[in-house]
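Structural features, examined
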Amino acid sequence: MLVLVAPGQGAQTPGFLTAWLDFPGVRGALEAWSDAAGLDLIRYGTEADAEEIRDTAVAQPLLVAAGMASAALLFDDPADLPRKVGAVAGHSVGEFTAASIAGVLPHEEALRLVRTRGLAMAEAAAVTETGMAALLGGDPAVTVPHLEKLGLTPANINGAGQIVAAGTKEQLAALEADKPEGVRKVVALKVAGAFHTHHMAPAVDTLAKAAADARNTGDPKVTYVSNKDGQAVATGAEVLERLVGQVANPVRWDLCMETFKELGVTALIEVCPGGTLTGLAKRALPGVRTVALKSPADLEAARELIAEAPKPAADAAGA
């Protein structure tokens, strides 16, 4: 079974959209999505520097647009997607990409909501100086209590020996000085706040109001696996509810990968800008073939993987 996944914030790099603009329809789609987001996605994806695209309110719609555009290039006919893809999932803001790919949110609606999400999270992050750091190595049973002792939240439990802690700058400094037993390294992430923690509670309220006005939503046409608990979600209404609440709740990517295993995953493609989630999959899902769409040069390998993928089991999510 083939799984399609979408990366989250931090995967973006300056100019990463440039080469994708050569494909028919991509520029026009990005122009339409720029109108929906109120943001010049083409400029940010081709000309902006690292600091500009680090801005939460910019990075989030940029990543979702890139993921949607690259996913569309994988199939000659959009109707082929549910016939070939067994499940979709996204990491953090990548959940919006996955929801759009699955048919829950129209592309423009996804961009409108993500822009609202990014602005609200940036505003919440400005209240207190906070951040996130990845812990490499260690045992979650040891690491999680240690983080909680320091007042930090295990905001991303990514599996494959990686947990991301989030909290105030002071709490993160304390973590650097007092690493949990078994953790080899603490790496500060290039994000603007403590996402997926209680610090983001005000953003949840803002996004909930925007989501209440969402139009033309539908139930997923392919199994949609949620960050909340790794479970497959069958209705569009529940997907939308989870997208809102997830802003202030930890990302359980480890549980998402466990569900991929249970569903019988044999191949995984990560949409642009790919690399992060395929790296985790290589360690946590041995034997699963992976392709990361880092550039258009990766499309051929991804299409070959799609062509070889068995037809997914019908109605795995009740969709």
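Keep in mind that what you see is a predicted model, and the values were worked out from it rather than measured. (Residues numbered from 1 in each chain as written. Predicted model: local features only at pLDDT ≥ 70, side-chain atom pairs only at ≥ 80, totals over all residues. Heavy atoms only, no water.)

1. Remarks on the sheet that holds strand E4 (residues 153-159)
Within the open sheet, the four strands sit side by side as E4-E5-E3-E6. Their pairing is antiparallel. Here the strands that pair on one side only, and so sit at the sheet edges, are E4 and strand E6 (183-188). Here the average twist between neighbouring strands, direction ignored, is 25°. In this sheet, strand E5 (residues 162-168) lies alongside E4 in antiparallel orientation, the contact comprising five bridges. From the neighbouring strand, isoleucine 157 faces E5, where its bridge partner is isoleucine 163. (Pairing = 2+ DSSP bridges. Helix = DSSP H or I, 4+ residues; strand = E, 2+ residues; numbered from the N terminus. Axes fitted to C-alpha atoms, helices over the stretch in contact; angles between N-to-C directions.)

2. Concerning the side chain of glutamine 9
One can find glutamine 9 in the loop between strand E1 (2-6) and helix H1 (26-37). Take glutamine 9: its relative accessible area is 17%, and that puts it in the buried class. A polar atom in the side chain of glutamine 9 sits 3.4 Å from the side chain of threonine 56. A distance of 3.0 Å separates a polar atom in the side chain of glutamine 9 from a polar atom in the side chain of glutamine 60. If sequence neighbours within four positions are ignored, glutamine 9 has contacts with Arg54, Thr56, Ala59, Gln60, Leu63, Val93 and Phe195. (Buried < 20%, exposed > 50% of the residue type's maximum accessible area, 1.4 Å probe, protein only. Polar contact = N/O pair within 3.5 Å; in protein donor to acceptor, adjacent residues only side chain to side chain. Contact = heavy atoms within 4.5 Å.)

3. What to know about the pattern of salt bridges
Under the criterion given, the structure shown has 10 salt bridges. Notably, a salt bridge pairs glutamate 51 with arginine 54, separated by 3.9 Å at the nearest N-O pair. Taken together, the residues span about one helical turn, with glutamate 51 and arginine 54 both in helix H3 (residues 50-54) at a distance of three residues. Between glutamate 109 and arginine 112 there is a salt bridge, and its shortest N-O distance comes to 2.5 Å. Of this pair, glutamate 109 and arginine 112 both sit in helix H7 (residues 107-125), three residues apart, which is roughly one turn of that helix. By sharing partners, the salt bridges in this structure join Asp229, Glu238 and Arg242 into a single network. (Salt bridge = Lys/Arg side-chain N within 4 Å of Asp/Glu carboxyl O.)

On their own, these measurements won't tell you what the molecule is for.
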